[in-house]
Amino acid sequence: MKRAELILLGITAIWGFTFPAMKVSLGYMPPILFLAYRFGVASLLMLLIFRKRILKRETLFEGLILGLTLVFGHGFQIVGLKYTSASNSAFITSLYVVFTPFIAYFLLGDKLKARDFLSLIVAIIGLYLISGASLKFNYGDLLTIFCAISFAFQIVLIQKFGEKDYLSLAFWQIFWNFVFSTIYALVFEGFVVPVKMTPWLGILYTGIFATVIAFTLQVKYQKETKAHKAALIYSAEPIFGHISAFLTIGEVLSLKGYIGALLILTAIWNEIRNENS
């Protein structure tokens with residue numbers, strides 16, 4: 001396994017552990033406002049740490065494009081959760097594993113091998129089993145499909161913009177996400193300042209670890225692998241989500257869930273093992 005791919009797997013673990021933090025925090029504030037706080041804290045922290053180094057104009061437009069994919073992805077996901085089950089949301093969101101290689105084919109010219117299609121099929125089956133999703137689609141499911149497409153575009157576009165300064169690119173995508181989330185929240189949800197510590201803990205964890213650290217490392221290291229391989233590595237997020245749920249609220253998987261987790265890990269290994277093996 002390449003060092004870069006191991007780092008991407010670590011990022012996936014960080015994202016997986018956001019589920020309990022977000023679930024608890026959303027009991028205290030509207031969903032898009034939570035995103036505004038999350039990305040606002042992340043933007044401020046990056047400015048305090050890196051200062052002028054990240055304020056480069058040459059990455060402003062690319063950061064705007066990435067920011068749009070993120071705000072649509074997170075927005076469709078959270079709003080969709082109002083109308084569908086959490087298991088359906090988890091499965092449908094992870095369909096970016098399916099969308100990414102095809103978007104990469106058209107935008108990047110990445111070629112697909114038989115092994116890639118096999119890994120995709122195994123990952124899809126695994127994601128379905130681990131989520132316990134049904135095949136009944138509703139309005140929330142449709143919104144979550146758009147979420148998956150948005151995240152797939154973000155993964156591919158990071159690959160496309162890989163030669164840009166990674167720190168500046170990471171900052172601008174976070175900053176624009178903050179701007180768009182804030183505008184939406186102020187217009188449609190209203191402004192609320194959390195008075196309890198619980199939601200602030202969720203904001204700080206997701207803002208610092210799942211945003212500043214994770215997105216910066218993603219922009220830096222994802223360019224060292226293929227977009228569809230990165231998507232398959234990210235498909236391990238539901239596994240880490242279940243681990244965090246077990247550690248925090250005692251949730252366990254069904255037998256099908258554990259089989260699904262094993263299939264996902266198998267698909268990931270099939271993709272990231274050495275090409276000559």
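It should be emphasised that the depicted structure is a prediction, and the values quoted were computed from it without experimental measurement.

### Observations concerning the overall build of the chain
Across its full length, the chain holds 13 helices and 0 strands. The C-alpha atoms of the chain give 18 Å as radius of gyration, which agrees with the globular expectation for 277 residues (19 Å, within 12%). Oriented by its inertia axes, the alpha-carbon framework of the chain measures out at about 50 × 40 × 30 Å. Relative to its full complement of 277 residues, the chain shows a buried share of 52%. For the chain, the share of sequence-separated contacts (at least 6 apart) that also reach a separation of at least 24 residues comes to 92%. For the chain, the exposed surface amounts to about 13200 Å²; the carbon and sulfur share of it is 71%. Considering the chain, the positive charge centre built from 23 side chains and the negative charge centre built from 14 side chains are found 3 Å apart.

### Side note on unusual backbone geometry
For Arg-51, which is not glycine, the phi dihedral falls at a positive 50 degrees. Inspection of the secondary structure assignment puts Arg-51 in the loop between α3 (31-50) and α4 (60-80). Given a relative accessible area of 58%, Arg-51 falls into the exposed group.

### So, the environment of Phe-72
Along the chain, Phe-72 falls in helix α4. For the pair Phe-72 and Phe-99, spaced 27 residues apart in sequence, the C-alpha to C-alpha distance is 16 Å.

### Regarding the side chain of Gln-218
When you line up the elements, Gln-218 lands in helix α10 (residues 197-221). A distance of 3.5 Å separates polar atoms of two side chains, one belonging to Gln-218 and the other to Tyr-234. If we skip the residues at most four places from it in the chain, Gln-218 touches Leu-8, Ile-11, Trp-15, Gln-154, Ile-155, Ile-158 and Tyr-234.

### Comments concerning the pattern of salt bridges
Under the counting rule described, the total for this entry stands at 3 salt bridges. The residue Asp-165 makes a salt bridge to Lys-56 at a minimum N-O spacing of 3.5 Å. One end of the pair, Asp-165, is in the loop between α8 (139-160) and α9 (166-189); the other, Lys-56, is in the loop between α3 and α4, with 109 residues separating them in the sequence. Overall, Lys-56 belongs to the partly exposed group, its relative accessible area being 27%. Residues Lys-226 and Asp-110 are paired through a salt bridge, measuring 3.9 Å at the closest nitrogen-oxygen approach. With Lys-226 in the loop between α10 and α11 (227-234) and Asp-110 in the loop between α6 (96-107) and α7 (114-131), the pair connects residues that are 116 residues apart, well separated along the chain. Judged by relative accessible area, Lys-226 falls into the partly exposed class, the value being 41%.

Conventions adopted
- Residues numbered from 1 in each chain as written.
- Predicted model: local features only at pLDDT ≥ 70, side-chain atom pairs only at ≥ 80, totals over all residues.
- Heavy atoms only, no water.
- Helix = DSSP H or I, 4+ residues; strand = E, 2+ residues; numbered from the N terminus.
- Rg over C-alpha atoms; globule rule 2.2 N^0.38 Å.
- Buried < 20%, exposed > 50% of the residue type's maximum accessible area, 1.4 Å probe, protein only.
- Contact = heavy atoms within 4.5 Å.
- Areas by Shrake-Rupley, 256 points an atom, 1.4 Å probe, with all protein chains shown as cover.
- Lys, Arg positive; Asp, Glu negative; His and termini not counted.
- Charge placed at Lys NZ, Arg CZ, Asp CG, Glu CD.
- Polar contact = N/O pair within 3.5 Å; in protein donor to acceptor, adjacent residues only side chain to side chain.
- Salt bridge = Lys/Arg side-chain N within 4 Å of Asp/Glu carboxyl O.

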